[in-house]
Amino acid sequence: MSELAFTYPARLPIVPLTATPKTSAAVPGSKSITNRALVLAALGGAPDGCLLTGALRSEDTEVMIDCLRRLGIQVQEDWAAATIRVNNPVPGGIPATVADLFVGNSGTTVRFLAAMVALGRGRYRLDGIPRMRERPIRDLLDALAQLGVKAESETGTGCPPVVIESEGFRAGSVRIRADKSSQFLSALLMAAAYAGDNPDHAATTIHLDGPRVSEPYIDMTLAMMRTWGLVVERPAPDAFRIPTGHRTAVAEYAIEPDASAASYFWAAAAITGGRVTVRDLTKASLQGDVLFVDVLEQMGCRVEECESGITVHGRPLAGVDVDMNAISDTVMTLGAVACFATGPTTIRNVAHIRHKETDRIAAVATELRKLGAGVDEFADGLTITPRPLTGCAVDTYNDHRMAMSLALIGLRISGVVVNDPGCVVKTYPGFWQDLEKLRR
Ligand SMILES: O=C(O)C1=C[C@@H](OP(=O)(O)O)[C@@H](O)[C@H](O)C1
Ligand SMILES: C=C(OP(=O)(O)O)C(=O)O
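Calculation notes
Note on numbering: residues in each chain are counted from 1, in written sequence order. Chain letters start at A and ligand numbers start at 1, both assigned in the order the entries are written. With the structure being a predicted model, the display of local features is reserved for residues of pLDDT at least 70 and the display and counting of side-chain atom pairs for 80 or more, all residues being used for whole-chain, interface and lining totals. Side-chain metrics rest on all non-hydrogen atoms present in the structure, leaving aside hydrogens and water. Note on conventions: DSSP H or I runs of at least 4 residues are helices, E runs of at least 2 residues are strands, and numbering of each starts at the N terminus. Only C-alpha atoms enter the radius of gyration; for comparison, a globular chain is expected to reach 2.2 Å times N to the power 0.38, where N is the number of residues. A simple rule labels every residue: compare its accessible area, found with a 1.4 Å probe on the protein chains alone, to the largest value its type can have, and call it buried under 20%, exposed over 50%, or partly exposed in between. Contacts are assigned to residue pairs with any non-hydrogen atoms lying within 4.5 Å of each other. Under the convention used here, a 1.4 Å probe and the Shrake-Rupley method define accessible areas, while residue burial counts only the protein chains that appear. Each domain's extent was defined by an automatic or database domain assignment. A 1.4 Å probe defines the accessible area here, and the buried area is the portion of it lost by two parts on being joined, summed over both. We count a salt bridge whenever a side-chain nitrogen from Lys or Arg sits within 4 Å of a carboxyl oxygen from Asp or Glu. Pairs of N or O atoms within 3.5 Å make up the polar contacts considered here, provided that, within protein, one atom can donate a hydrogen while the other can accept it, and that residues adjacent in sequence are counted only when both atoms are side-chain atoms. Residues are sorted three ways: Asp, Glu, Lys and Arg are charged, Ala, Val, Leu, Ile, Met, Phe, Trp, Tyr, Cys and Pro are nonpolar, and all the rest, Gly among them, are polar. Think of it this way: one heavy atom of a residue within 4 Å of a molecule or strand is enough to make that residue near it. Only when DSSP finds a minimum of two bridges between them are two strands counted as paired. Between the N-to-C directions of two axes lies an angle of 0 to 180 degrees, each axis being a line fitted to C-alpha atoms and, for a helix, fitted only over the stretch in contact. UniProt positions are given in the numbering used here, feature names are shortened, and annotations may be inferred rather than shown by experiment.

Thoughts on the overall build of the chain
- Counting its secondary structure elements, the chain contains 12 helices and 23 strands.
- For the chain, the C-alpha radius of gyration of 21 Å lies close to 22 Å, the compact-globule estimate for 440 residues.
- Sorting the 440 residues of the chain into buried and exposed places 61% on the buried side.
- At a minimum sequence separation of 6, the contacts of the chain that also span at least 24 residues come to 73%.
- When the accessible surface of the chain is split by element, carbon and sulfur atoms take 49% of a total near 15,700 Å².

This is the structure in structure tokens:
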């Protein structure tokens, strides 16, 4: 990330807004869509390559791009134009036979690529930062093993580093769990579409065992696969049948703005009683996180969808009791908003966020308590009880979403200082500049 045009201090004081914001915000491209589009464009193999527009430049997308290059796929970025061109000399396959891949702390990169490299013939190793070595991937490795791929956690922890040794995988039948992360299923779905022919199986059938988390991301995967001409049948709600041999060359694909990034600006309107439009997002988005605005609406905000985007009008806020399993990247955003409501807010059914950049339930509970809020933490969620807040230095746990969410509190309360604000590079390097635009 050294070339990124942003530098960050060690600590960033947040100055409260002096005027109520009435503005619109443009957020960068979706991380989830950019990283899926990179994988699908790489496997799809359009004759002149595929041009991705509106792409996100951030640590998570840059590690994905770097890994694809190490796999022999040609990737040319033009960040000034927010475009990436992807060209695979071996459409549907992996050119490199050996690769050592560094995935940083990007869940989408490690999960999507662990399945994708299994289409190759060779030995591939994926590793990341120390926290990545604590993030689960066993359920995906077990699924790949069922398809004849040697897929192992090097240290036997069920976490990276991961070593995949493959002779390519052929269509077959496989069972997988997605109760720790939906990314396991997304990864397998995308790779399975390029599985080799098997005289005994005209399709790969994936059976999902147990409950699934983060369901809208599975829908996003299925929708994007359809764009690439890949067929996924649903013989039952927990079964996916992916016939081999279907694909469409996609020459150009437009990436939506990031809805999780948008949540900070909608929340800013809610917290300050202002009005903020996030441009170019609609409720028809591929991203479940646009539905964060429904939670704000439940709390009392007015939400308006128009041609230019989605607008949140801040109003006095009531507490809510909400299941956030489907939109769990916005839990910390809601945690910040909840501090300004008239009553307690309970966030339920998000045990899986303990496996993300940090244990997000514990981290948000600790930091909101430091600021003065009442917080009861339970295994799969938390209750936040508003109390008078006092600004202080807050820790961010190398978690971009902790930094962006806690900063929101500083828009109302003086004395909030965000430690290690540079961790936003994971998905939103320009966040601090964009937050400042609320003062215009
Ligand atoms: O598939 C994706 O793009 C993502 C799925 C979610 O992860 P889990 O499925 O692990 O909850 C989400 O938190 C992550 O930011 C992106
Ligand atoms: C959980 C996240 O990312 P990932 O799982 O892709 O690392 C996130 O961006 O909040």
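A short note on the domain arrangement of the chain
- In terms of domains, the chain is made up of domain 1 (11-29 + 256-439) and domain 2 (31-240).
- Here the C-alpha centroids of domain 1 and domain 2 sit 30 Å apart.
- Contact with domain 1, which involves 26 residues of that partner, is made by 25 residues of domain 2.
- Summing both partners gives a buried area of about 1,900 Å² for domain 1 against domain 2, and 51% of it is carried by carbon and sulfur.
- The largest per-residue losses of area from domain 1 upon contact with domain 2 belong to Leu286, His355 and Lys426, which jointly make up 32% of the total buried on that side.
- At the boundary of domain 1 and domain 2, one finds one salt bridge.
- Lys426 is the salt-bridge partner of Asp60, the closest N and O atoms lying 2.8 Å from each other.
- Inspection of the region where domain 1 meets domain 2 yields 13 residue pairs in polar contact (both at pLDDT 80 or more).
- Of the residues assigned to the side of domain 1 that touches domain 2, the class counts are six nonpolar, 11 polar and nine charged.

A look at the site of ligand 1
- Neighbouring residues of ligand 1: Lys31, Ser32, Arg36, Thr108, Ser181, Ser182, Gln183, Ser214, Tyr217, Asp329, His352 and Lys356.
- The contact in question runs from an oxygen atom of ligand 1 to an N or O atom on the side chain of Ser214, over 2.6 Å.
- Interatomic distance of 2.6 Å between a side-chain N/O atom of Asp329 and an oxygen atom of ligand 1.
- When the free accessible area of ligand 1 is taken as 380 Å², the share hidden by the protein chains comes to 96%.

Regarding the site of ligand 2
- Taken together, 14 residues form the shell around ligand 2, and within it Lys31, Gly107, Arg135, Arg401 and Lys426 come nearest.
- The contact in question runs from an oxygen atom of ligand 2 to an N or O atom on the side chain of Gln183, over 3.1 Å.
- Here ligand 2 loses 99% of its free accessible area of 290 Å² to cover by the protein chains.
- Here the shell around ligand 2 is built from residues that sort into no nonpolar, six polar and eight charged.
- Mapped onto the domain boundaries, the shell around ligand 2 takes at least three residues apiece from domain 1 (11-29 + 256-439) and domain 2 (31-240).

Looking at the sheet that holds strand E12 (residues 233-236)
- Taken together, the four strands give an open sheet; going across it, the order is E10-E11-E13-E12, and neighbouring strands pair in mixed fashion. The outermost strands of the open sheet, each flanked by one partner alone, are strand E10 (173-178) and E12. In this sheet, adjacent strand axes meet at a mean angle of 30° when their direction is disregarded.
- Contacts from helix H5 (residues 183-192) reach E10, strand E11 (203-212) and strand E13 (239-243), with the element oriented near 155° to E10.

Thoughts on the side chain of Thr277
- Residue position: Thr277 is located in strand E15 (residues 275-279).
- Residue classification places Thr277 among the buried positions, given a relative accessible area of 10%.
- Apart from the residues lying within four places of it in its own chain, the contact partners of Thr277 are Thr23, Ser24, Ala25, Ser308, Gly309, Ile310 and Thr311.

Side note on the sheet that holds strand E16 (residues 302-306)
- The strand order across the open sheet formed by four strands is E2-E15-E17-E16, and the pairing between neighbours is mixed. Of all the strands in the sheet, just strand E2 (22-25) and E16 have a single pairing partner and so form its edges. Each neighbouring strand pair of the sheet contributes to a mean axis angle of 15°, computed without reference to strand direction.
- Where E2 and E15 come together, four bridges link them in parallel fashion. Residue pairing in the sheet places Thr23 in a bridge with Val276 of E15.
- This element, helix H7 (residues 259-272), spans E2, E15 and strand E17 (309-313) of the sheet and lies at about 165° to E15.

Digging into the UniProt feature "binding site: 3-phosphoshikimate" (unreviewed entry) in the chain
- Residues given the UniProt feature "binding site: 3-phosphoshikimate" (unreviewed entry) here are Lys31, Ser32, Arg36, Ser181, Ser182, Gln183, Ser214, Asp329 and Lys356.
- Within the element layout of this structure, Lys31 appears in helix H1 (residues 31-44).
- By relative accessible area, which is 9% here, Lys31 ends up buried.
- In this structure, Ser182 sits in the loop between E10 and H5.

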